[in-house]
Each structure stands twice: as C-alpha cells, then as structure tokens.
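If you want the building blocks of each chain, they are given just below.
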Amino acid sequence: MRIVYLYNPSAKLASDDTEGHIRKGLEALGHEVIMVPEEQAFNALKIKADWLLFHKGGPFIHSLLARLKYKKMCWYFDKIWNSRVDWAERTLPLVDLMIVTDGDWELIHRSPKVKILHQGCGESMAGQLRKEYKGNIGFTGSIYEGREEWNDFMQETFDSDFHVYGDVFGGKLFDLCASTRVMVAPEFPSTDYYWSSRVYLTLGAGGFLIHPRCKDLGHEYVENRHFVAYSTRKELVAKVDYYLGHTEERERIRRAGMRHTLEHYTYAERVKILMAYVQAN
C-alpha cells in the first residue's frame, strides 16, 4: 500500500520521534511511505497513493482533504477539547477514518469511521543512561490551567523532593524516567477514557509511574503489577511515600511495566492495529 504521510518537521525535536517510529512501523509491514512536510502539504495532490495519513495539520488541512482523491485517515493525538472540538468536527466528514486517543470524544461520535488507538513508545533507551537524574519525585510535562493547583499541592507536600521537568525530550526523557525514583502524573485532564502518551513513554523508558486511576487503562495495564494508580490526593501522597520506602517492590513494578510496554505498546505494534482498521475500511 502507498501511504502519503504529512508530518511536522519540528516535532522530532520535542517528542520521542513519534512520526519516525510510525513511519518505520509502516515500512516494516511492507508499505511504501512518502513523507511530505506539512508546509508542502498540497504536494500530496500530485502524488498517486492509496491513503493519506496525518495527525493535525495547519489551517490548510480541510481545503486539502476536500480536494484529495484518495482515502484519508487522521490519527489525532491528545485530548479533544476547547478549540480542538471545532477542528475535529470539521475534519470528521472529510476523512474515511478518524482515529483518536480521546475515548470521551469517541463515545460521543458513535460512527464506523471513528476508532480508538492510543499512542505508544519507540525503542527504549533504558539501561543506557547518559545522565542520571537523582530526584525522588518527578513530573514531565507542562503546568497549565487545570494543573496549577495540583502542582502547588505537590510542591507544598513534597518540597524539594518534587521536580517538574518541562523541557526534557528524546534520550533525556528516557534518562529522567529511568533514574527518578517515582514519576507522577496529574489528575487533569485524565478521565476514565482518556490518558496521555506519558503512560507509554514513562513505562517504556523504564520509569516507575503513579498515575490517575482510569477505567479503560485497565484494559492495557494491571494496577500494582505494571504501574500504580490513585484516585485521591491523599492516596497519591500515601503511595508516593510508601514506594519511596520500598525499593524492591518499586523495582519489581518498574521492570514489569517496562517489559509489558515494550512487548505490547510500541509504535510498531500500534501500527499493526492502525492498518487493520485500514484493511477493514
């Protein structure tokens, strides 16, 4: 199958090279992948292909989709809220497959063309540490409205033991997750049906993760075997304190979470599901 893949050239600098892993996964399955940078998106009109794959795209994307003759699939990462809702609603009628990571949005849009496929991780660099982060408790991500109060709570509760890393990506992210004793995730914006790629990146890198309890996440991971979950801040504090003091138990869960993630939730495995959706379409 011939697939035109619209990609964001700058994304590699601020991620686990998600698009690179997806491309490699598609090629490993025997598909021809033609990478087209987003700023040259209309070049896709000149290419003979079977499918277009894109994730978000700029303001041009809806015009391109309306003109393109071959099939189109969007694999949309992240929570679909605020201005993203309008974008997704405009995109849905223009594509043959709308694949999302937000289970709440999928529940609203019961359609054969709407599918769930969560993100994953690439090849782990755990065990090949170039830099060791000696913190006790870490969070990697952005502190924005909805997380500010949680961040204040964590700072007040754990003081200098808690660190926020907002600009750590690629190999540094693997080092951080693998060497920090406890990695934590905020309750916002997780729901029973949505969680971010932080789960796969942290566990795949060999991190020990305490994450908000999400109902559907239980379909992929077993609580207290692969990761640790919390529903209240009191529970979060108790579990952070407990696992900081129980190294062997923490290490057992950390290793099991990494093995499970690298076996089942790499992008090479996710792409197999992606193409199963395509074949059924």
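Because the structure is predicted, anything quoted here is derived from the model rather than measured.

J.: In this structure, what is going on with the overall build of the protein chain? I would like to understand it.
T.: For the protein chain, the helix and strand inventory stands at 10 helices and 11 strands. Reported as C-alpha extents along the three principal axes, the dimensions of the protein chain are approximately 60 × 35 × 30 Å. A buried classification covers 52% of the 281 residues belonging to the protein chain. When contacts within the protein chain are restricted to residue pairs at least 6 apart in sequence, those whose partners lie at least 24 apart make up 66%. Accessible surface for the protein chain amounts to roughly 13,100 Å². Of this, 49% is attributable to carbon and sulfur atoms. When the 37 basic and 38 acidic side-chain charges of the protein chain are each reduced to a single mean position, those positions are 6 Å apart.

J.: Can you help me understand the packing of aromatic side chains in this one?
T.: Any aromatic ring pair is given by two values, namely how distant the centres are and how the planes are angled relative to each other. Scanning the entire structure with this criterion turns up 16 aromatic pairs. For the pair F54 and W87, a centre-to-centre distance of 6.5 Å together with 70° between the ring planes defines the contact as edge-to-face. Remark: W87 occurs in helix 3 (residues 83-91) and F54 occurs in strand 3 (residues 51-54); sequence separation between them is 33 residues. Across the pair, W87 and F54 agree in class, each one buried.

J.: Explain the pattern of salt bridges here, please?
T.: Two side chains of opposite charge can pair, provided their charged atoms sit close to one another. Inspection of the entire model under this criterion finds 17 salt bridges. For R270, the salt bridge is made with E220, and the minimal N-O distance between the two is 3.1 Å. Here R270, found in helix 10 (residues 267-280), pairs with E220, found in the loop between strand 10 (209-212) and strand 11 (228-230); they are 50 residues apart in sequence, far enough to count as distant. Taking relative accessible area as the criterion, E220 reaches 12% and is therefore assigned buried. Residues joined by salt bridges that share partners form a network here, namely R213, E223, E235 and K239.

J.: Any chance you could explain the pairing of strand 1 (residues 2-7) here in plain terms?
T.: A regular strand carries its side chains on alternate faces of the sheet. With six bridges joining them, strand 1 and strand 2 (residues 32-37) adopt parallel strand pairing. Residue pairing in the sheet places Y5 in a bridge with M35 of strand 2. Bridge count for strand 1 against strand 3 is three bridges, and the pairing is parallel. Note on strand 3: the bridge partner recorded for I3 is W51.

Rules behind the numbers
- Residues numbered from 1 in each chain as written.
- Predicted model: local features only at pLDDT ≥ 70, side-chain atom pairs only at ≥ 80, totals over all residues.
- Heavy atoms only, no water.
- Helix = DSSP H or I, 4+ residues; strand = E, 2+ residues; numbered from the N terminus.
- Buried < 20%, exposed > 50% of the residue type's maximum accessible area, 1.4 Å probe, protein only.
- Contact = heavy atoms within 4.5 Å.
- Areas by Shrake-Rupley, 256 points an atom, 1.4 Å probe, with all protein chains shown as cover.
- Lys, Arg positive; Asp, Glu negative; His and termini not counted.
- Charge placed at Lys NZ, Arg CZ, Asp CG, Glu CD.
- Phe/Tyr/Trp six-rings, centres within 6.5 Å; stacked < 30°, edge-to-face > 60°.
- Salt bridge = Lys/Arg side-chain N within 4 Å of Asp/Glu carboxyl O.
- Pairing = 2+ DSSP bridges.

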